[in-house]
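Residues per chain are reported as follows:
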Amino acid sequence: MSARRHLPSRFELKIALALVLAAVLPLLAALWLASRLAEENLAVGLNPRVIERLEATPGLFRDLFQARKQLYAEQARIIARGLPADPQAAARHLEGAIRRTPRLRRVAWLAADGTPLAEAEATEPNPEGEWRAAPARVSLSGGEVLECTFAIEARFFAELDEVRELAETYQGASALRADIQRSYVRAFAVILVAFALLAAAAGTWLARRTTRRVSDLIAAVRELARGNLGIQVDPGAATDEVAGLARAFNAMVREVRESRDRIVYLEKISGWQDVARRLAHEIKNPLTPIQLAFQQLEARWRTEPQGSPEFGRLLSEASQIVKEEIGTLQRLVEDFSGFARLPEVRAEETDLGAFVEDFLATTPQLAESADIRLTRAAGDCPVALDRTLMRRVLANLVENAAQATRPGKAAVHLGVARSAGRALLTVADEGPGIPPELRGRIFDPYFTTRSEGTGLGLAIVKKIVLQHGGEIEVGERPGGGALFAIAMPLAGASGARR
Amino acid sequence: MLLAPLVAVAGLAHDVAPLAGDLEIKDGRLVAGFDLGPAFPPDLRKQLGNGLTNVVVLHVTLAPVPGEEPAAVYVRETEVLYDVWEETYRVTLRDPGHPRGHHLTFAAWEALRAFLAEVRQIDVAPASILGDRTWVVSARVEVNPVSQELLDRTRELIANPAAGARVGGASRSVLGAMASYLLGKGATGADVHVFRSRPFSARGGAIR
């Protein structure tokens, strides 16, 4: 509709504010919960006792290494105590030591100048996998040295590096504990705000669809108040209360417009009736003296025939013309009088289909000029109607339809059905139809497309229909021809208007 | 040429200790030496010998008085790792003279403590900067401050807790990834010592 505005209305702003409040309040509670949750999770994840134990782990490795070093030193001393003075025997002793001593990979008896006097080395792979050398030296007499190389598991150093890295990480995280908690709360806030914004946007969008329709309705009501009875709002495809309100508004405006049109038309017809009454009176009054004067003139001529034969012939012709014109004027006066004296509706309840059938049965002369077919839909169409006036309506419409297809015999289609809570009577012909540009004027009094017509027939039809609380529209019959549709309230729905 | 003994100054703020040491001009440079012993008490031995990497950061600033922005800043970062197998202190020192790090090994705690506490021959600033103004030298010692590396490692930890701070794993936690992104450095390390000299000038009577 044209009244659509671009700025949000107060109603929309209130709805949006309510949505934002509805999103923000739980958000604040969620933030508080998030803060508590982060604090409690950090208390578990960064437990000071766990971190203390982690930090103490390198110390355990130090103790392990020291114990190994002491063990290796003691084993080296044992080997040194049994070392023979003879180099060959010493070599056998050292080989035996290699076999007997766990993790001993190499042992050498070195002179004071470093010259090896005897030595032995393990040839088998270290049963404990990769290893690092752990030296153990025993000083002997004379500056000699027994140099032992033991194996210590390389995995200890890898594990030490890993646990150190882990301990340093958790130590650092512990130092940043408050910052981590803050960052989690901020992250939570960012995510929640993003979700809240999405929810608010979606809610606002949904609410705006409703509030916009309400705003449209308000604008339409204002437009209606300014007198625009053509205003309608788009109810859309929704089935909610707002859509129902829009449809009810449209129906109300439509009814108001139809009532106004009805009143305007009846007032207009009433004016034309008054004119017709005066015209009929003014025309009728001089007709009788004219007619009498001519009759006297003719009578005198007949009683005194000595006059000119030429004059007698001229008088006879003039008399004929005057009589014909007086007859035409009298018919016109009768039409005007009939239009001016349309009686009031005296409605009685009857079935519309039965009424039409009765009309056709009691008006056999119509069948001479037209082939009339009646189609009745299933079900009754109880209406309150004045049988005399409605017979006049039907006769007029059928006669019009018959005239539309002359000189051939007309085919007239009558239909009776119920539609949208009203009784529907249609009269259609197969003639040339009524051009769209004339349809708006066709019910106006004295408007006619025929040379011999007075233009009062359809005006009378419409007035009678309106007096029955009905409506009449003209359109095009599917397949060609004119179609008049009369919609009347069903009896019990609303009474006929008098 | 010895400029001034950095004698203790009374009446300093509660958390600011007097800075003791010497300033001298050497080859056109202002060179300082300090005794930062109070920042390295004997009981620090346990912490520095715990087998974890400990970081000691020294900030030395030269600022004119009264309280203006420092005209020169010297930063020295010392990483100390006690090798539990070798039973030695492995030290990596980084300062303007050793941007890529200078490696040292100390077998004894006393030697390490002396190295950390007795700062010698620090090149603070060009001597020409002094002019006629009055200056003050401040030293700030932080033990295990929150470094950028620590911050990055912690970010990895909270972005991907399951990986235990190992770099390279894809984050499986949206909240953690966002928290990691939003993690900022708040307070500095817990162990901070601040020292400040008394005011001095190049023409002052204290200059020797």
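The next point concerns the packing of helix α5 (residues 177-225) of chain A against helix α4 (residues 174-182) of chain B. At a minimum axis separation of 8 Å, α5(A) and α4(B) run at an interaxial angle of 115 degrees. Both α5(A) and α4(B) take part in a crossing whose hand is right-handed. Contacts between α5(A) and α4(B) involve Ser183(A), Tyr184(A), Arg186(A), Ala187(A), Phe188(A), Val190(A) and Ile191(A) from the former and Val174(B), Leu175(B), Gly176(B), Met178(B), Ala179(B) and Leu182(B) from the latter. Residue classes in the contact of α5(A) with α4(B) are distributed as 10 nonpolar, 2 polar and 1 charged.

As a further point, take the confidence of the model for chain A. All names here are of chain A. Looking at chain A, the pLDDT average stands at 86 and 96% of residues meet or exceed 70. Scored below 50 in pLDDT, residues 1-5 shows 11 contacts in the model against residues more than four places distant or in partner chains. In this model, residues 494-498 is a region of pLDDT below 50 whose contacts with residues beyond four sequence positions or in other chains number 16 contacts.

Let us now look at unusual backbone geometry. One can expect most non-glycine residues to show negative phi and most peptide bonds to be in trans. Phi is positive for Arg103(A), close to 70 degrees, though the residue is something other than glycine. You can see Arg103(A) is positioned in the loop between α3 (87-100) and β1 (104-110). With a phi angle near 55 degrees, Gln121(B) is a residue other than glycine that sits in the positive phi range. When you line up the elements, Gln121(B) lands in strand β9 (residues 118-126). Note on Gln121(B): relative accessible area 45%, which makes it partly exposed.

Residues and elements named next belong to chain A. Taken as a whole and judged by the stated rule, the model has 37 salt bridges over all chains. Measuring nitrogen to oxygen at the nearest pair gives 2.7 Å for the salt bridge that ties Arg 213 to Asp 240. Note that Arg 213 is positioned in helix α5 and Asp 240 in the loop between α5 and α6 (241-303), a separation of 27 residues in sequence. Under the relative-accessibility criterion, Arg 213 is labelled buried at 19%. Under the relative-accessibility criterion, Asp 240 is labelled partly exposed at 27%. The partner of Glu 298 in a salt bridge is Lys 323, with the nearest N and O atoms 3.9 Å apart. A residue pair is termed long-range when its members are at least 10 positions apart, and Glu 298 in helix α6 and Lys 323 in helix α7 (residues 309-340) qualify at 25 residues. According to the relative accessible area criterion, Glu 298 is buried, its value standing at 12%. A network of salt bridges, in which partner residues are shared, links Arg 68, Arg 103, Glu 128 and Glu 153.

Quick look at the sheet that holds β1(A) now. Residue and element names in this part refer to chain A. One open sheet holds the 4 strands; their spatial order is β2-β1-β4-β3, and the pairing between them is antiparallel. Both edges of this open sheet fall to β2 (116-121) and β3 (131-139), since each of them pairs with a single strand only. On average, each strand axis in the sheet is inclined to that of its neighbour by 15 degrees, with strand direction left out of account. Pairing of β1 with β2 involves 5 bridges; the strand directions are antiparallel. Looking across to β2, one finds that Trp 109 is bridged to Ala 118. Strands in contact with helix α2 (residues 48-81) are β1, β3 and β4 (145-153); relative to β4, the strand with the most contacts, it is inclined by about 145 degrees. Lying on the sheet, α3 is in contact with β1, β2 and β4; it crosses β2 at an angle near 25 degrees.

Residues and elements named next belong to chain A. Running from N to C, α6 and α7 cross one another at 155 degrees; their axes reach a closest spacing of 8 Å. Comparing the axis directions of α6 and α7 gives the class roughly antiparallel. When you trace α6 past α7, the crossing you get is left-handed. In the contact of α6 with α7, the residues fall into 22 nonpolar, 6 polar and 4 charged.

One pass over the structure, following the stated rule, counts 11 aromatic pairs over all chains. Ring plane angle 85 degrees and centroid distance 5.1 Å describe the contact between Phe65(A) and Trp85(B), whose orientation is recorded as edge-to-face. Taken together, the residues span two chains, with Phe65(A) in helix α2 and Trp85(B) in the loop between β6 (72-83) and β7 (88-95). This pair shows no difference in class: Phe65(A) is buried, exactly as Trp85(B) is. Through successive ring pairs, a cluster of aromatic residues spans Phe61(A), Phe65(A), Phe156(A), Phe157(A) and Trp85(B).

Thresholds, definitions, all that
Residues numbered from 1 in each chain as written. Chains lettered and ligands numbered in written order. Predicted model: local features only at pLDDT ≥ 70, side-chain atom pairs only at ≥ 80, totals over all residues. Heavy atoms only, no water. Axes fitted to C-alpha atoms, helices over the stretch in contact; angles between N-to-C directions. Helix = DSSP H or I, 4+ residues; strand = E, 2+ residues; numbered from the N terminus. Left-handed = near helix turned anticlockwise from the far one by under 90°. Contact = heavy atoms within 4.5 Å. Nonpolar A, V, L, I, M, F, W, Y, C, P; charged D, E, K, R; others polar. pLDDT = per-residue confidence, 0-100. Buried < 20%, exposed > 50% of the residue type's maximum accessible area, 1.4 Å probe, protein only. Salt bridge = Lys/Arg side-chain N within 4 Å of Asp/Glu carboxyl O. Pairing = 2+ DSSP bridges. Parallel < 35°, antiparallel > 145°, perpendicular 65-115°, else oblique. Phe/Tyr/Trp six-rings, centres within 6.5 Å; stacked < 30°, edge-to-face > 60°.

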